[in-house]
Amino acid sequence: MSRSSGETLELSADVLIIGGGLAGTWAASAARRAGASVILADKGYCGTSGVTATAGPGHWWIPPDPPELRETAIRNRRKTGAGLNEPEWMARILALTWESLPTLDGFYKFSTDENGVKQHRALRGPEYMRALRKLVDSLGVTVLDHSPALELLQRSDGSVAGARGIRRQAGGDWQVNAGAVVLATGGTSFLSRLLGSHTNTGDGYLLAAEAGAELSGMEFTTYYTVAPVRSTMTRSMSYAFATYYDADGAVIAMPPGPETTRPLARAMLKGRVFCDLARTPEDIRARVPTISPNVMLPFRRWGIDPYKDRFEVTLHGEGTIRGIGGLRVVGDHCQTSVPGLYAAGDAATRELVAGAISGGGNINSAWAVSSGQWAGAGAARHAAANGSQSGGRAIGQAGLRPASARRDVDLGTTLSTIQGEMLAYDKNIFRSGETLKRSAEILDDAWAEFDAHAQGAGDALLRTRETAAMLATARWCAASALAREESRGMHQRDDRPEMDPRFNRRILVGGLDKVWTASDYGHALELAS
Amino acid sequence: MIELVIAERCTGCNACVEICPTNVLEAISGDVPRIARQEDCQTCFMCELYCRADAIYVAPDCENPTPVDKNAILASGLLGEFRRNHGWDEWADDPRYPNEHWRMESVFLRARMAFQRRLRRLQHHVPPSSCRP
Ligand SMILES: Cc1cc2nc3c(=O)[nH]c(=O)nc-3n(C[C@H](O)[C@H](O)[C@H](O)COP(=O)(O)OP(=O)(O)OC[C@H]3O[C@@H](n4cnc5c(N)ncnc54)[C@H](O)[C@@H]3O)c2cc1C
Ligand code: SF4
Ligand code: SF4
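Residues numbered from 1 in each chain as written. Chains lettered and ligands numbered in written order. Predicted model: local features only at pLDDT ≥ 70, side-chain atom pairs only at ≥ 80, totals over all residues. Heavy atoms only, no water.

What about the overall build of chain A?
Note the threshold: Working definition: helices are DSSP H or I runs of at least four residues, strands are E runs of at least two. Numbering for both runs from the N terminus. Computation of the radius of gyration draws on C-alpha atoms, with the globule rule given as 2.2 Å multiplied by the number of residues to the power 0.38. Here the term buried applies to any residue with accessible area under 20% of the maximum for its type, exposed to any over 50%, and partly exposed to those in between, with areas from a 1.4 Å probe on protein chains only. Contacts are residue-level and defined by heavy atoms, with any inter-residue pair within 4.5 Å sufficient. Here, Shrake-Rupley sampling with a 1.4 Å probe gives the accessible areas, and only protein chains in the shown set may cover a residue. Counting rule for charge: Lys and Arg are taken as positive, Asp and Glu as negative, and neither His nor the chain ends is counted. Every charge is mapped to an atom, namely NZ of Lys, CZ of Arg, CG of Asp or CD of Glu.
Looking only at helices and strands, chain A has 14 helices and 17 strands in total. For chain A, the C-alpha radius of gyration of 22 Å lies close to 24 Å, the compact-globule estimate for 529 residues. Oriented by its inertia axes, the alpha-carbon framework of chain A measures out at about 65 × 55 × 50 Å. Expressed as a percentage of the 529 residues in chain A, the buried residues total 64%. Considering only residue pairs separated by 6 or more positions, chain A has 74% of its internal contacts joining residues 24 or more positions apart. Here chain A has roughly 18500 Å² of accessible surface; of this, 49% comes from carbon and sulfur atoms. Averaging the coordinates of the 58 positive side-chain charges in chain A and doing the same for the 57 negative ones gives two points 3 Å apart.

In structure tokens, the structure reads:
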């Protein structure tokens, strides 16, 4: 299977999985179980990379009996999802997640409650990803760690034939010729310092768009999570009992429910915001280290007692991570519109199951587990049916093969531009047509320059390509938010404060040189009543 | 950001080099790993979890390096605390460090209930029609 040619490690397999987080490992296991030979390449290390490894996902977890339980949950979620999600897809992920998690027994040590009942719903991140690494190793998946994919290979008939990338520890390049490819590269938070998100720079979106795929739901990218300033610790559980104060010590009023982002952002736009966790009951305090061992790390190391002392907080943007958007899925196997190319987890849109609000806390992980397996099995089937692994041509553009003469483009400046439009509270949380239009123009200008001249080399190659991916993603977000001329779910426009039935449909987006948007008329949706 | 690889403790196993998601560390033959790209550190603490020798210290500041005194850190008791709380390796069967992650949901539930209680108390003082959530 292996052949080294010069500096390039060249391999072939039925299925290539790009990204080894929650969705990628489940995808690899399903493709193997369907009989395919599988290679999984991760930018970092499969087992610690990605946002699952540093968190601890609670899955959407509802027993099949009595059936009313799931029916009610789906009905309620249709309402909160503002009509963009579909009951069939929700039922599918509930069913598959329920079947899948218990199969990890032996790889993951499930805890039991006071009554000796095994608890499958929520798994601790590092242990979960360690278990999934062991699972894929045991199934005979070939794992390439520290091997970011930089571009896809595509045949002249349009089908995807593998990918190329670099081996950042071993040195040299890799190329995998494959019968089908699954993109499981996660979402992107535009390097906001969200915990564990540093390798998630939207690469899969760019790779797929270069092959001709489109995205959906990219306007739903306004989710933020509170963290102590200068820290990455975006673990929301600890803030369940938070009290927030402005710089003068006055309590900031919070609305009922989980929606704290807008009032906090409003306060942060005026000045510094502080927090204490004094309302946390004693018994919960005692258990925090054994529930989520990383929550207390920053406090202990800074000598802060969060239950007594006030500490300054910030909001880290999550982009498409606990936002919603991603590659458009066009069928039950999570195939994209490009033959041989599949999308799973946060690399895919989660509108189908989450609708217009975040799927964090339950749906996202159930989606990653399920979409991963569908994509893996679908890719295995496609590879078996189509036979050929070879014949692809490398198709990467921005940051790899500039459209005109190579010129130095400052990556730090470009990243600041992206973050300025995608993370700033005043532009991204409190949206309006005017500011979105301006954002789109700024990002288009940055793209024109980047696409024309940037060409990564040496140590800067990966970061150059990552910057291209984030810039492309930012443009799709701005264009989609501009196109959705209403407020719905997490997308709130000050100039269009109402939900508008004309937009009871998904918004597709794509394009590199020129960004386009379109309504997903194929999926004209009834508004959930 | 990662600040210390403590030579007196490090066994040179290079596990940290292998598992760091952002490739911050570099293996040096015959020596302890070098913090080669500190600016790429994503402050995820994974290297501490995977270091059986408790030889690594990651400071919570993710924006700038933190000046740290190695001896003070060695004396602080912070080294290895994270791995212990996770119940990894030799701590796996220690009853003091069970994996209680599954209780996370009940914490959120308790917070919601506490909120409802506060809301009800509030509702005692205002006409009911004006405080629908
Ligand atoms: C703090 C936090 C808490 C969360 N809690 C919950 C919860 O309780 N319940 C819930 O349902 N959801 C939760 N989520 C969301 C959930 O974690 C994600 O939906 C899930 O991790 C998605 O899995 P994924 O595999 O798509 O992405 P990830 O797990 O992020 O994996 C993506 C992988 O792709 C790799 N990669 C990226 N680019 C490349 C490239 N070019 N080449 C090769 N590899 C690449 C990355 O290194 C990474 O390993 C939480 C998210 C966060 C941030
Ligand atoms: S994991 Fe710990 S012991 Fe092993 S090389 Fe790294 S610092 Fe040294
Ligand atoms: S904290 Fe995370 S990113 Fe930083 S060195 Fe350790 S493993 Fe690498």
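Structural notes on the interface of chain B and chain A
Under the convention used in this document: In the sections that follow, a salt bridge refers to a side-chain nitrogen of Lys or Arg positioned within 4 Å of a carboxyl oxygen of Asp or Glu. Polar contacts here mean pairs of N or O atoms no more than 3.5 Å apart (in protein, one a potential hydrogen donor and the other a potential acceptor; neighbouring residues in sequence count only if both atoms are side-chain atoms).
Across the contact, 48 residues belong to chain B and 64 residues belong to chain A. In this structure, the connection of chain B to chain A is made through 8 salt bridges. For the salt bridge of B:Glu81 with A:Arg300, the shortest nitrogen-to-oxygen distance reads 2.5 Å. Scanning the region where chain B abuts chain A turns up 26 residue pairs in polar contact (both at pLDDT 80 or more). Contributions of two or more residues to the side of chain B that touches chain A are made by helix 1 (15–19), helix 2 (46–50), strand 4 (56–58), helix 4 (81–85) and helix 5 (104–123) of chain B. Ranked by residues supplied to the side of chain B that touches chain A, first place goes to helix 5 of chain B with 9 residues.

A few points about the site of ligand 3
What counts here: Think of it this way: one heavy atom of a residue within 4 Å of a molecule or strand is enough to make that residue near it. Under the scheme applied, nonpolar residues are Ala, Val, Leu, Ile, Met, Phe, Trp, Tyr, Cys and Pro; charged residues are Asp, Glu, Lys and Arg; polar residues are all the others, including Gly.
The immediate surroundings of ligand 3 are formed by 13 residues, with B:Cys20, B:Cys41, B:Gln42, B:Cys44 and B:Cys47 found nearest. Across the shell around ligand 3, the residue classes tally to 10 nonpolar, 3 polar and no charged.

Here we look at the pattern of salt bridges
Here the structure, examined in full by the defined rule, presents 49 salt bridges over all chains. One salt bridge connects A:Asp276 with A:Arg310, and the closest N-O pair in it is separated by 3.9 Å. Of this pair, A:Asp276 sits in strand 11 (residues 273–276) while A:Arg310 sits in the loop between helix 8 (297–302) and strand 12 (311–317), placing them 34 residues apart in sequence. Using a relative accessible area of 5% as the deciding quantity, one classes A:Asp276 as buried. Taken together, the shared-partner salt bridges in this structure form one network comprising B:Arg52, B:Asp54, B:Arg83, B:Asp89 and B:Glu90.

Structural notes on the packing of aromatic side chains
Put simply, the test is: Note on aromatic contacts: the rings of Phe and Tyr and the six-membered ring of Trp form a pair at centre separations within 6.5 Å, being stacked when their planes are under 30 degrees apart, edge-to-face when over 60 apart, and tilted otherwise.
Tallied over the full model, the rule gives 9 aromatic pairs over all chains. Judged by centre distance (5.8 Å) and plane angle (55 degrees), the ring pair of A:Trp89 and A:Trp367 falls under tilted. Of this pair, A:Trp89 sits in helix 3 (residues 87–100) while A:Trp367 sits in helix 10 (residues 363–386); the two residues are 278 residues apart in sequence, bridging distant segments of the chain. Looking at A:Trp367, the relative accessible area reads 0%, which means it is buried. Consider the rings of B:Trp91 and B:Tyr97, whose centres lie 5.8 Å apart with planes at 80 degrees: the pair is edge-to-face. Among the residues examined, B:Trp91 registers a relative accessible area of 22% and is labelled partly exposed. What links up through ring pairs into an aromatic cluster is the set A:Trp89, A:Trp367 and A:Trp374.

Observations regarding the sheet that holds strand 17 (residues 516–519) of chain A
Residues and elements named next belong to chain A. To keep things clear, this is the line we draw: DSSP-based pairing: two strands are paired if at least 2 bridges between them are found. Only the stretch in contact is used when fitting a helix axis, every axis being a line fitted to C-alpha atoms; angles between N-to-C directions are given from 0 to 180 degrees.
Read from one edge to the other, the open sheet built from 4 strands follows the order 13-8-16-17, with strand pairing classed as antiparallel. The outermost strands of the open sheet, each flanked by one partner alone, are strand 13 (326–327) and strand 17. In terms of strand pairing, strand 16 (residues 507–510) meets strand 17 through 4 bridges, oriented antiparallel. In the sheet register, isoleucine 507 faces strand 17, and the bridge partner there is serine 519. Together, strand 8 (215–216), strand 16 and strand 17 form the strand contacts of helix 14 (residues 461–483), whose direction differs from that of strand 16 by roughly 145 degrees.

Looking at unusual backbone geometry
Leaving glycine out, the prevailing phi sign among residues is negative, and the prevailing peptide bond configuration is trans. For the bond from A:Asp65 to A:Pro66, the omega torsion is -10 degrees, close enough to zero to count as cis. In this structure, A:Pro66 sits in the loop between strand 3 (38–41) and helix 2 (68–80). Residues other than glycine seldom take positive phi values, yet B:Asn23 does so here, at roughly 60 degrees. Note that B:Asn23 resides in the loop between helix 1 and strand 2 (25–26). Taking the relative accessible area as the measure of exposure, B:Asn23 reaches 8% and is therefore buried. Unusually for a residue other than glycine, B:Thr43 sits at a positive phi of about 50 degrees. Considering the arrangement of structural elements, one finds B:Thr43 in the loop between strand 3 (34–35) and helix 2.

Regarding the environment of A:Leu462
Residue and element names in this part refer to chain A. As for its position among the elements, leucine 462 is in helix 14. A relative accessible area of 10% places leucine 462 in the buried class. Each C-alpha atom of the pair leucine 462 and serine 29 lies 28 Å from the other, and the pair is 433 residues apart in sequence. With residues near it in sequence (within four places) discarded, leucine 462 still touches Lys43, Pro148, Leu150, Ile166 and Arg168.

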